[in-house]
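Each chain, letter by letter, is given below.
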Amino acid sequence: MIESHIVVQNLSKTYRVPEREPGLGAALKSLVRRRFTDVDAVREISFTVAPGEFVGFIGPNGAGKTTTLKILAGLLHPTGGEARVMGFAPWERRHDYLRRISMVLGNKSQMLWDIPPLDSFRVLGEIYQVPPAQFQQTLDELIELLEMQELLTKPVRNFSLGERMKCELVAGLLHRPDVLFLDEPTLGLDVSMQARLRRFLAEYNRRSGVTVILTSHYMADVVALCPRVILIHHGQLLYDGALQGLAEKLAPFKLIRLTLRNGHTEEEILRAAQNDGENAEVMEQENGQVTLRVSRAATPAITARLLNTLPVVDLSVEDPPIEAVIDQIYQEGKVEA
Amino acid sequence: MKQEARGKRQESADQRISESADQRVSGSTDQCSVLSPPSSVLSPQHSALSTSFNINLRGGWALIKKTWLMWVQHRSFFFLLAFGWMIPPLIYLFVWATAAGGASIGGLTRGGFVAYYLVLILVNQLTYSQTNWTVGDTIRYGGMNSLLLRPLSPVFDALSSEVAGKVVYMLFVIPVTAVLALILRPELHLTLTNTLAFIPALALAWALRFFWGYWLALLAFWATRADALLALQDALIFLLAGQVAPTALLPGVLRQASHFLPFRYMVGFPVEVLTGQLDAAGLLAGFAAQVAWLAVAVALFAVMWHAGVKRYSAVGG
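Rules of the game
Residues numbered from 1 in each chain as written. Chains lettered and ligands numbered in written order. Predicted model: local features only at pLDDT ≥ 70, side-chain atom pairs only at ≥ 80, totals over all residues. Helix = DSSP H or I, 4+ residues; strand = E, 2+ residues; numbered from the N terminus. Buried ≥ 20, exposed ≤ 12 C-beta atoms within 10 Å, placed from the backbone. Contact = placed C-beta atoms within 7 Å. Axes fitted to C-alpha atoms, helices over the stretch in contact; angles between N-to-C directions. Parallel < 35°, antiparallel > 145°, perpendicular 65-115°, else oblique. Left-handed = near helix turned anticlockwise from the far one by under 90°. Nonpolar A, V, L, I, M, F, W, Y, C, P; charged D, E, K, R; others polar. Pairing = 2+ DSSP bridges. Domains from an automatic or database assignment. pLDDT = per-residue confidence, 0-100. Arc of directions from axis to C-beta.

Enquirer: If you had to explain the overall build of chain A to someone new, which residues and values would you point to?
Expert: When helices and strands are tallied, chain A shows 12 helices and 13 strands. C-alpha atoms of chain A, sized along the principal axes, occupy 75 × 60 × 50 Å. Going through the 337 residues of chain A one by one, you find that 43% of them count as buried. Put simply, 73% of the contacts in chain A that link residues at least 6 apart link residues at least 24 apart.

Enquirer: Pulling in residues and values, what's your account of the overall build of chain B?
Expert: Along its length, chain B carries 14 helices and two strands. Out of the 317 residues belonging to chain B, those deemed buried represent 39%. The contacts in chain B between residues at least 6 apart in sequence include a share of 78% that link residues at least 24 apart.

Enquirer: Which residues make up the packing of helix H5 (residues 75-100) of chain B against helix H9 (residues 155-184) of chain B, and what values do they have?
Expert: Residue and element names in this part refer to chain B. It is the contact of H5 with H9, at a shortest axis distance of 9 Å, that shows an interaxial angle of 50°. The orientation of H5 relative to H9 falls into the category oblique. When you trace H5 past H9, the crossing you get is right-handed. Listed contacts from H9 to Arg75, Phe78, Phe79, Ala82 and Met86 of H5 are Val168, Tyr169, Phe172, Val173 and Val176. Its residues assigned to classes, the contact of H5 with H9 comprises nine nonpolar, no polar and one charged.

Enquirer: Explain the sheet that holds strand E3 (residues 54-58) of chain A to me, using residue names and the numbers behind them.
Expert: Residues and elements named next belong to chain A. Strands sit in the order E5-E6-E7-E3-E8-E9 across an open sheet of six strands; the sheet is mixed. Of all the strands in the sheet, the pair left with one neighbour each is strand E5 (101-105) and strand E9 (236-242). Each neighbouring strand pair of the sheet contributes to a mean axis angle of 15°, computed without reference to strand direction. Where E3 lies against strand E7 (residues 211-215), four bridges are found, and the strand directions are parallel.

Enquirer: Quick one: what's the story with the domain arrangement of chain A, residue by residue and with numbers?
Expert: Domain parsing of chain A yields domain 1 (6-243) and domain 2 (252-318). A separation of 44 Å is found between the C-alpha centroids of domain 1 of chain A and domain 2 of chain A.

Enquirer: Describe the sheet that holds strand E4 (residues 80-85) of chain A, listing the residues and the values that go with them.
Expert: Residues and elements named next belong to chain A. The strand order across the open sheet formed by three strands is E2-E1-E4, and the pairing between neighbours is antiparallel. One side of each edge strand has no neighbouring strand; the edge strands of this open sheet are strand E2 (35-49) and E4. Across the sheet, the mean angle separating the axes of adjacent strands is 30° when strand polarity is ignored. Bridge count between strand E1 (residues 6-19) and E4: five bridges; the pairing is antiparallel. Across the sheet, residue Gln9 finds its bridge partner in E4, namely Glu82. Contacting E1, E2 and E4, helix H2 (residues 65-72) crosses the sheet at an angle of about 115° to E1.

Enquirer: Tell me about the packing of helix H6 (residues 110-127) of chain B against H9 of chain B, and please be specific about residues and values.
Expert: Residue and element names in this part refer to chain B. Contact geometry of H6 with H9 gives a least axis separation of 10 Å together with a crossing angle of 175°. As judged from the angle between their axes, H6 and H9 are roughly antiparallel. On H9, the residues touching Val114, Leu118, Ile121, Leu122, Gln125 and Leu126 of H6 are Lys166, Tyr169, Val173, Thr177, Leu180, Ala181 and Leu184. Grouping the constituent residues of the contact of H6 with H9 by class yields 10 nonpolar, two polar and one charged.

Enquirer: Before we move on, can you summarise the confidence of the model for chain B with the specific residues and values?
Expert: Residue and element names in this part refer to chain B. Mean pLDDT over chain B stands at 79; residues scoring 70 or higher make up 81%. Mean pLDDT values over the elements of chain B span from 37, in helix H3 (residues 44-48), up to 94, in helix H13 (residues 268-274). Taken over the whole predicted complex, pTM reads 0.77, whereas the ipTM for its chain interfaces reads 0.78.

Enquirer: Please provide a residue-by-residue account of the environment of Leu126 of chain B, values included.
Expert: All names here are of chain B. Along the chain, Leu126 turns up in helix H6. Along the sequence, Leu126 and His259 sit 133 residues apart, while their C-alpha atoms lie 21 Å from each other. In this view, Leu126 contacts Lys166, Leu202 and Trp206; residues no more than four positions away in its chain are not counted.

Enquirer: So, helix H7 (residues 132-140) of chain B: which residues are in play, and what are the values?
Expert: Residues and elements named next belong to chain B. Looking only at H7, the buried set comprises Asn132, Val135, Gly136, Thr138 and Ile139. Down the axis of H7, the buried side of the element spans an arc of 160°, and every buried residue falls inside it. Two residues or fewer after H7 comes Gly142, characterised by a positive phi angle close to 80°.

Enquirer: Provide a residue-level description of unusual backbone geometry, including the pertinent values.
Expert: Even without being glycine, Glu147 of chain A reaches a positive phi, approximately 50°. For Glu147 of chain A, a count of 11 C-beta atoms within 10 Å translates into the label exposed.

Enquirer: Report on the pairing of strand E12 (residues 289-295) of chain A, specifying residues and quantitative values.
Expert: Residues and elements named next belong to chain A. The alternating pattern of E12 places Val290, Leu292 and Val294 on a buried face, while none of Gln289, Thr291, Arg293 and Ser295, on the opposite face, is buried. Inspection of the sheet shows strand E10 (residues 253-260) paired to E12 by seven bridges, in the antiparallel sense. Within E12, the position partnered with Thr259 by the bridge is Gln289. In this sheet, E12 lies alongside strand E11 (residues 280-286) in antiparallel orientation, the contact comprising six bridges. The partner of Glu281 across the bridge, within E12, is Arg293. Here E11 folds back onto E12, and the loop between the two strands holds two residues, one of which, Asn287, carries a positive phi near 50°.

Printed below as a string of structure tokens:
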């Protein structure tokens, strides 16, 4: 069995946050006696990641995703539990650990604004003590993959958000990390730039065998890149497994899209669909097309009945869109069995 | 690709980090192996480094060059800054030179004051640690995150920026001081002992001023406006380090304070050494004080750094 690259066990992080009532009086009082509340950002989560895996870390804002990533990258000290990345305790920030990881933050830049990216890259190459030949080879490779030859000699301040993100990725990968933490790398990018970065990340992961943990609010990123997702909410791990499995587990329903030869009312369609208390719901009805939400188990029976009783021109059975599934978890805060 | 890039960017091509052509590897031959994980690539010397204050000369030198690259884009700004820093010593030069007139005050003639303040302008520029002012912002605005992720202690960023900065400022300050010297006719009798003693005194003064400011700046880990303390340090240096007057001319209590506190050893002491104001005992006492205060400053820096990063990693950046 291959040893895990990342081992996280009962990891917890509690922040002490000062709090006070609004107003001048409360402000003065807080000078004398500060009150704190404990905020549990991460509560006893456990998971392991094998070398070369591409794991999506999902959850609503404030779920604890970035906190977990920061602990793994060595920026935060956990308040409980254990985390080992390639055998290192990340928060010791040993230089031989830092040389083997990389963290790319979508909302922070490590590029220097006033000088062309090539100069920043060289500085990073020196800081990471990358041998010159290897540096040049990696750089050429990354630049080709990201199609950014023309950017190398312009000052970074003139770049678009997407161009800057390309630079961040090159900067983060120049020293060929074994483990890559990506915190919302596609934040604020247009769809085609998102797609291009996704292609790059998939290709890079395939070629280099780097282990990646990615957080993103764009489900398209997760669908395209991550065979496995870890879902956390309120600091707790709700799901760890295949993305497809999450949809099945969470959304015990399917969508049936129907196109009928002549117009039928909602009641007529529902009457045709429902039987023995099997539940069906009309989600949408327009231009002769109807979308029904039905329980996963009853789907075959209902489909058969619809085909038998209604003048069906076209029928398709689909899983609900992943966004809807995720939204439901974010709202309800739990994964239903 | 690199040659093209180099051609396109002629403006500051000479400032670019030089890299010999033989470092370039022809083509990308085997793409899979190119991007293979680096664990096998790591040389033993890399894995031997572990503590947080390792010297990484390659990284440090690259940071110095980076700072130059950035600053050539803003050279006029830095020349203006340097000009601003020259003004207060220049004012006091004229005040004291005028006050001395044809006589002498506390052993210094008009020409003596001119020499003292011209040397002080140079020493002040060389020891002023402007990077201390940006440490707080780096901590407050989350810039510390990317620095902490690198296998290089963030103090190297400040140190490299210091070294790079001195070179840029000197490009401006040395010619200006030379012109002032031609006009104002300083009286400076250099001896071999004084000149030789001046070099370590200057180096120690810079190190002391840098680390003293740095540990104060690190208070930003706890308090949001820690740079107020840097302003206080500047005020104390102005008063006690020989700027408003050579420390020998300060009234009783202030003179004693200036000899006891660290500030004189950041600026005034090396100036007094070069201008020959000190006897052997004064030299030795000065060096002893410099070394002692530097030890204190470095210790405080180390304590503050470890405690600060500990707090930073507890509360999040």
